[in-house]
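# Examining the three-dimensional arrangement
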Amino acid sequence: MGVRTESFLLLPWCTQPTVGGVDSLDKVCADISACGTCPRLVQWRESVAIEKRASFRNDEYWGKGVPGFGDPNATVWVMGLAPAAHGANRTGRMFTGDRSGDWLYRAMHKAGLATQELSVGRDDGLQLTGAWVSSAVRCAPPDNKPTIDERDACRTYLVRERELLTQIRVVVCLGSFAYEAVCKEWGVKPRPKFGHGVEAVATDGTTIICSFHPSQQNTFTGKLTEPMIDAVFSRATEIASTR
Ligand code: SF4
């Protein structure tokens, strides 16, 4: 069996789930890790964890829903699409163990939101300061394409995190899928057309900033460059610190 059986309690940013009816980020973490709502995604995340990529054949894959990660007092929320099959689905932490994460955390470190660029595993020492990283869908989907039904099923975790992350002023959306999910949740109407650097302000004052996703497809082709993603995070921290 290639799926990790360790308790979510061992996640460094998840401590003890709240007992009783009061929600907490720890409880959201625990519930995501244990979630089996979407049969197609459960089957996929677990089959990837069993079959593995050859270069990671000695790794024990996470193979479950991947919780959000970061600072409970975050003012900047980074929203991805979904865990990568051999990245977060392997390591159990968002944008960890793949090239997209290298790009993301390098930029966040430069902006003062991450303690280091390195993001290779849950025990690598990375901490976020003033930032939270999660995704619109919390399980790795085939071809990086969740269905609308899967997005809507996973919305419950977005709603709960939003309730609990009370200091958020800026949401950075990595790609159009995340942008659409965030605009829907924050009630942005009309929604400006997605484009790198495009901003929208929700009725609650939250600024939503678009970024091209730091996927290899975008970074290899030069569609997204380091100065481009740096500019997004520079803008996000500027807004977060002045509003
Ligand atoms: S995508 Fe979300 S709702 Fe669906 S199984 Fe994963 S964590 Fe649960």
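Residues numbered from 1 in each chain as written. Predicted model: local features only at pLDDT ≥ 70, side-chain atom pairs only at ≥ 80, totals over all residues.

Before going further, it helps to spend a moment on the pairing of strand S2 (residues 76-80). Of all the five residues making up S2, five are buried; the element is thus mostly covered by neighbouring parts of the structure. Residues Val-76, Val-78 and Gly-80 point to one face of S2 and Trp-77 and Met-79 to the other, with burial holding for every one of them. Examined bridge by bridge, S2 and strand S3 (residues 131-135) share five bridges and lie parallel to one another. Paired with Gly-80 across the strands is Ser-135, a residue of S3. Judged from the four bridges that link them, S2 and strand S4 (residues 170-174) form a sheet pairing that is parallel. Its bridge partner lying in S4, Trp-77 is registered against Val-171. (Buried ≥ 20, exposed ≤ 12 C-beta atoms within 10 Å, placed from the backbone. Helix = DSSP H or I, 4+ residues; strand = E, 2+ residues; numbered from the N terminus. Pairing = 2+ DSSP bridges.)

In regular strands, side chains alternate between the two faces of the sheet. Where burial is concerned, most of S4 is hidden: five out of the five residues are buried. Side chains Val-170, Val-172 and Leu-174 of S4 all project onto a buried face; the interleaved residues Val-171 and Cys-173 project onto the opposite face, where all are buried too.

Let us now look at the packing of helix H4 (residues 99-110) against helix H8 (residues 226-242). One can describe the packing of H4 onto H8 by two numbers: an axis separation of 9 Å at closest approach and a directional angle of 50°. For the element pair H4 / H8, the angle class is oblique. Taken as a pair, H4 and H8 cross one another with a handedness that is right-handed. For the pair H4 and H8, the contacting residues are Trp-103, Ala-107, Met-108 and Lys-110 in the first and Ile-229, Asp-230 and Phe-233 in the second. (Axes fitted to C-alpha atoms, helices over the stretch in contact; angles between N-to-C directions. Parallel < 35°, antiparallel > 145°, perpendicular 65-115°, else oblique. Left-handed = near helix turned anticlockwise from the far one by under 90°. Contact = placed C-beta atoms within 7 Å.)

For the chain, the average pLDDT comes to 93, and 91% of its residues sit at 70 or higher. Low pLDDT, under 50, characterises residues 5-10; the predicted model gives this stretch six contacts beyond four residues in sequence or across chains. (pLDDT = per-residue confidence, 0-100.)

Across the 10 residues of helix H1 (residues 25-34), seven count as buried, placing the element largely inside the fold. Looking only at H1, the buried set comprises Leu-25, Asp-26, Val-28, Cys-29, Ala-30, Ile-32 and Ser-33. Of the surrounding secondary structure, the elements contacted by the buried residues of H1 are helix H5 (148-164).

Moving on to the site of the ligand. Within the structure, the ligand sits among 14 residues, and Cys-35, Cys-38, Gly-65, Cys-139 and Cys-154 are positioned closest to it. Of all the secondary structure elements, the ones that give two or more residues to the shell around the ligand are helix H2 (39-51) and H5. At three residues, H5 tops the list of elements feeding residues into the shell around the ligand. By residue class, the composition of the shell around the ligand is nine nonpolar, three polar and two charged. (Near = placed C-beta within 6 Å. Nonpolar A, V, L, I, M, F, W, Y, C, P; charged D, E, K, R; others polar.)

Ordered in space as S1-S3-S2-S4-S6-S5, the six strands form an open sheet in which the pairing is mixed. Lying at the two open borders of the sheet, with one neighbouring strand each, are strand S1 (69-70) and strand S5 (199-201). Of the strands in this sheet, S2, S4, S5 and strand S6 (207-211) touch helix H6 (residues 176-186), which is tilted by about 145° from S4.

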